[in-house]
Amino acid sequence: MSNTITNTPPYEVEEVRGVLRIYSDGSIVRSTKPSFDVPVHDDSSVLWKDVLFNTTHNLHLRLYKPASSSTTATKLPIFYYIHGGGFCIGSRAWPNCQNYCFLLASQLQAVIISPDYRLAPENRLPAAIEDGYLSVKWLQDQALSENPDTWLTDVADFGRVFISGDSAGGNIAHNLAVRFGAGSAELAPVRVRGYVLLAPFFGGTVRTRSEAEGPREAFLNLELIERFWRLSIPVGDTTDHPLVNPFGPESPSLEPMALDPILVVVGGSDLLKDRAEYYAKKLKAFGKKVEYVEFEGKQHGFFTIDPNSEASNKLMQKEMINTNTPYEVEEEVKGILRTYRDGLIVRSNPSFDVPIHDDGSVLWKDVLFNTTHNLHLRLYKPTSTTTNAATKLPIFYYIHGGGFCIGSRAWPKCQNSKLLFSSSFSASSRNYLTRLSTGPRESAPSCHGYLAVKWLQDQSQSENPDTWLTDVADFGRVFISGDSSGGNIAHHLAVRFSAGSAELAPLRIRGYVLLAPFFGGTVRTRSEEEEEAPREGRLKFWRLSIPVGDTTDHPLVNPFGPTSPSLEPVALDPILVVVGGSDILKDRAEYYAKKLKEFGKKVEYMEFEGKQHGFFTNDPYSEASSKLMQVIKQFIISAEN
């Protein structure tokens, strides 16, 4: 008797629209192109490009923006379009998806983001929803990045984001709405304003009337719906899974959840109509802001199948109303900071374009100095430094300005100044990022300035310090400087530490440099009264930074205000005050130095004739800036003796 082995070739067990084939041996074959032949209508009125947003799964998204966006001053809303395909097929690159995104960008005058996501059955739910989440977190990363993709950030308004999805993409959009909740706080500074669910792909074990009565020849028929669910839901689960049926027996109730506004759109002849209608009806019963629009006689996906039809144009108008809803800006600072009446705060990168002058003569690196508020400082030292104890370098703090509201250690003009300081002084320079205002207000930056110096004390006492710093730095020769609001912080540190800085031992602060310190007061000075620039800009900083209900005579704003403690009995280390002769803050800086001198403090006042606020960072290589370097260098030498 002989044994015979029959090699049965694998046979097809599932097929989806000629794009996805699954075989009996478990193998899966995908086509990179859809089975339908649709030309791409690219007339160059919309620019686009692909971006990798997740390296782990090699996921890309496609960005679109109107070609005219670079010439407009108003930033554009951001509109996500998440493609459909029953969680099993589809791509950002399919022609029907691309054509619809072209139309969205042009008609809505918006930045369109169309992300891919992992497909089933290789990656069953919740993979697609997690990828949708990651694509929005990528946008948040761009909003927060010090080196963002300016192709996007130069034109996009992170305070006006809308998330839409088609079919399976509509399901993803719903789950993101639930996950982010009203206000999308975890995405700050990104603010999601609403969601658009286009024929959302929901399911359930009990069939609806539109599913049961839907024609077999429909673009999306019941057999295909069931096939999609069979291939995409977790193995062993049913279509009452919470990610499939928002109102299933095990689904968490949506009633207590705060949700942003939702627009639900469906075709009247779509097999998913009843589920979409029921979804909107239930949310409305729960008191949510939901709008339901049904297009009579239209099939599933009518807006991508024929994006130029009358119905599609009507849908576009509905979406346009939602994305262009005005969200009133309450305050705006130099195009970098916007606060809205609903409490939203949106930050952007600096609007000025300054190249970084890094010639390799200075080394630098970033360090986290406070984990609670995720605050970093940037360390600099000359490349020529050695570990010779006899030639250790003084330490010079530079605290950036920006009216307590804007600015960063990483801004180019800030970095250029530090590179120059470190090179010119042969000092170990330290620049840190304050926790910016419009959160905890004016006391926060001063507090964080204190923490940045205490971090240095920790390094000087640590058994495992950062040797990049400690091998070259002289902890007995520390100077603290600040520019504008940074100068204000430096003043308060001088008062807090007082002469000798005993609480910082073994650190020893030798002196303070206040560069155009940002002080205020309810009584205007002559230089403020005569300022040529609009007064509103300066007052805006105070309005955003001082404690709510207080005035500019607050002790942290006006060192000589009616409720400010007297500085006369306070022992202070030497202070150098520098200001431009044409700076609106000149009179306050001059008065500050004069009063300290009257109190018997070691104070030096230097005025640069005709110079404006921030002249040393705006043009760090000017003759005046070079002279300032020499003045500071001489101050350091005299303070050390």
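Residues numbered from 1 in each chain as written. Predicted model: local features only at pLDDT ≥ 70, side-chain atom pairs only at ≥ 80, totals over all residues. Heavy atoms only, no water.

- Naming follows an unreviewed UniProt entry, where the chain appears as Alpha/beta hydrolase fold-3 of Macleaya cordata.

### Thoughts on the overall build of the chain
No. 1: What the chain contains, in helices and strands, is 18 helices and 22 strands.
No. 2: Within the span of the chain, comprising 641 residues, buried residues form 57% of the whole.
No. 3: Across the chain, every contact between residues at least 6 apart in sequence was considered, and the portion connecting residues at least 24 apart equals 74%.
No. 4: A total of about 27,700 Å² of accessible surface is found on the chain, and carbon and sulfur atoms cover 50% of it. (Helix = DSSP H or I, 4+ residues; strand = E, 2+ residues; numbered from the N terminus. Buried < 20%, exposed > 50% of the residue type's maximum accessible area, 1.4 Å probe, protein only. Contact = heavy atoms within 4.5 Å. Areas by Shrake-Rupley, 256 points an atom, 1.4 Å probe, with all protein chains shown as cover.)

### Quick notes on the pattern of salt bridges
No. 1: Throughout the structure, instances matching the rule amount to 35 salt bridges.
No. 2: Where Glu 186 meets Lys 137, a salt bridge forms, and the shortest distance between an N and an O atom there is 3.7 Å. Here the residue Glu 186 occupies a position in the loop between α4 (168-180) and β9 (192-198), and Lys 137 occupies one in helix α2 (residues 127-144), the gap between them amounting to 49 residues.
No. 3: Measuring nitrogen to oxygen at the nearest pair gives 2.6 Å for the salt bridge that ties Arg 543 to Glu 331. With Arg 543 in helix α15 (residues 535-545) and Glu 331 in strand β12 (residues 329-333), the pair connects residues that are 212 residues apart, well separated along the chain.
No. 4: Because the salt bridges share partners, they merge into one network encompassing Glu 14, Glu 15, Glu 223, Arg 227 and Arg 230. (Salt bridge = Lys/Arg side-chain N within 4 Å of Asp/Glu carboxyl O.)

### What about α2?
No. 1: An ideal rise of 1.5 Å per residue puts 26 Å on 18 residues; α2 measures up with 26 Å between its terminal C-alpha atoms.
No. 2: Burial analysis of α2 places 14 of its 18 residues in the buried class, which makes it a mostly covered element. (Expected span 1.5 Å × (residues − 1).)

### With respect to helix α16 (residues 586-598)
No. 1: Along its 13 residues, α16 runs 18 Å from first to last C-alpha, staying within 8% of the 18 Å computed at 1.5 Å per residue.
No. 2: Those residues of α16 not exposed but buried are Lys 586, Asp 587, Arg 588, Ala 589, Tyr 592, Ala 593, Lys 595 and Leu 596.
No. 3: Buried residues in α16 make contact with α13 (485-497), β20 (509-515), α14 (526-529), β21 (575-580) and β22 (603-608).
No. 4: Where α16 terminates, the next one or two residues include Gly 600, which has phi positive at roughly 85°.

### Here's the deal with the UniProt feature "active site" (unreviewed entry) in the chain
No. 1: The UniProt record annotates "active site" (unreviewed entry) at Ser 167 and Ser 484.
No. 2: Among the structural elements, Ser 167 can be located in the loop between β8 (156-166) and α4.
No. 3: Given a relative accessible area of 5%, Ser 167 falls into the buried group.
No. 4: Sequence-distant contacts of Ser 167, that is, excluding residues within four places in its chain, are made with Gly 84, Leu 198, Ala 199, Pro 200, Phe 201 and His 300.
No. 5: Along the polypeptide, Ser 484 turns up in the loop between β19 (473-483) and α13.
No. 6: Apart from residues no more than four positions distant in its own chain, Ser 484 is found in contact with Gly 401, Leu 515, Ala 516, Pro 517, Phe 518 and His 613. (UniProt positions renumbered as here; feature names shortened; annotations may be inferred.)

### Some remarks on the sheet that holds strand β3 (residues 28-30)
No. 1: Within the open sheet, the 3 strands sit side by side as β1-β2-β3. Their pairing is antiparallel. Two strands bound the open sheet, and with one partner strand each, they are β1 (12-16) and β3. With direction set aside, neighbouring strand axes in the sheet form an average angle of 15°.
No. 2: Two strands pair when backbone bridges link them, and strand β2 (residues 20-23) and β3 are joined in this way by 3 bridges, in the antiparallel orientation. Directly across from Ile 22, in β3, lies its bridge partner Ile 28.
No. 3: Those strands touched by helix α6 (residues 222-232) are β1 and β2, and its axis lies near 115° from that of β1. (Pairing = 2+ DSSP bridges. Axes fitted to C-alpha atoms, helices over the stretch in contact; angles between N-to-C directions.)

### Overview of the sheet that holds β8
No. 1: Taken in spatial order, the 8 strands of this open sheet run β4-β5-β7-β6-β8-β9-β10-β11, and their pairing is mixed. For this open sheet the edge positions go to β4 (46-54) and β11 (290-295), each flanked by a neighbour on one side alone. Strand-to-strand twist of the sheet, defined as the mean angle between neighbouring strand axes without regard to direction, takes the value 20°.
No. 2: Both strand β5 (residues 59-66) and strand β7 (residues 111-115) contribute to a ladder of 4 bridges, which runs antiparallel. The residue bridging Leu 61 from the neighbouring strand is Pro 115, located in β7.
No. 3: The strands that α4 touches are β6 (76-82), β8, β9 and β10 (262-267); relative to β8, the one it contacts most, it runs at about 130°.

### Concerning the pairing of β8
Looking down a regular strand, the side chains alternate between one sheet face and the other.
No. 1: Within β8, 11 of the 11 residues are buried, which leaves it mostly tucked inside the rest of the structure.
No. 2: Across 6 bridges, β6 lies against β8 in parallel orientation. Residue pairing across strands places Ile 82 opposite Gly 165, the latter belonging to β8.
No. 3: By the bridge criterion, 6 bridges tie β8 to β9 in an arrangement that is parallel.

### Let's talk about the confidence of the model for the chain
No. 1: Residues at a pLDDT of 70 or more form 88% of the chain, whose mean pLDDT is 88.
No. 2: A low-confidence stretch, residues 432-442 stays under pLDDT 50, and its non-local contacts, those more than four residues away or across chains, total 60 contacts. (pLDDT = per-residue confidence, 0-100.)

### Points about the environment of Ala 258
No. 1: The residue Ala 258 is located in the loop between α6 and β10 in this model.
No. 2: With residues up to four places along the chain from it excluded, the contact list for Ala 258 reads Gly 181, Ala 182 and Lys 288.

### Brief notes about the packing of aromatic side chains
No. 1: Counting across every chain of the model gives 24 aromatic pairs.
No. 2: Where Phe 302 meets Phe 303, the ring centres are 5.1 Å apart and the plane angle is 75°; that geometry is what we call edge-to-face. Like Phe 302, the residue Phe 303 is buried in the burial classification.
No. 3: Ring-pair connections join several aromatic residues into one group, and the members of that group are Tyr 81, Tyr 100, Phe 295, Phe 302 and Phe 303.
No. 4: One residue, Arg 179, lies across the ring of Tyr 133, its end atom 3.6 Å from the ring centre.
No. 5: A cation over an aromatic ring shows up here: Lys 381 above the ring of Trp 468, its NZ or CZ 4.2 Å from the ring centre. (Phe/Tyr/Trp six-rings, centres within 6.5 Å; stacked < 30°, edge-to-face > 60°. Lys NZ or Arg CZ within 6 Å of the ring centre and 35° of its normal.)

### Observations regarding the nonpolar core
No. 1: Ranked by size, the top nonpolar core spans 75 residues in total, and within it Leu 139, Ile 163 and Ile 262 carry the most contacts.
No. 2: Element by element, the count of residues in this core is highest for α2, at 7 residues.
No. 3: Those residues in contact with Leu 139 that sit more than four places away from it in its chain are Ile 78, Tyr 80, Ile 113, Leu 152, Phe 158, Val 161 and Val 190.
No. 4: The next biggest cluster of nonpolar side chains, apart from the first, holds 74 residues, and it includes Ala 473, Ala 494, Ile 575 and Ala 639. (Core = buried A, V, L, I, M, F, W, Y, C linked by side-chain atoms within 4.5 Å.)

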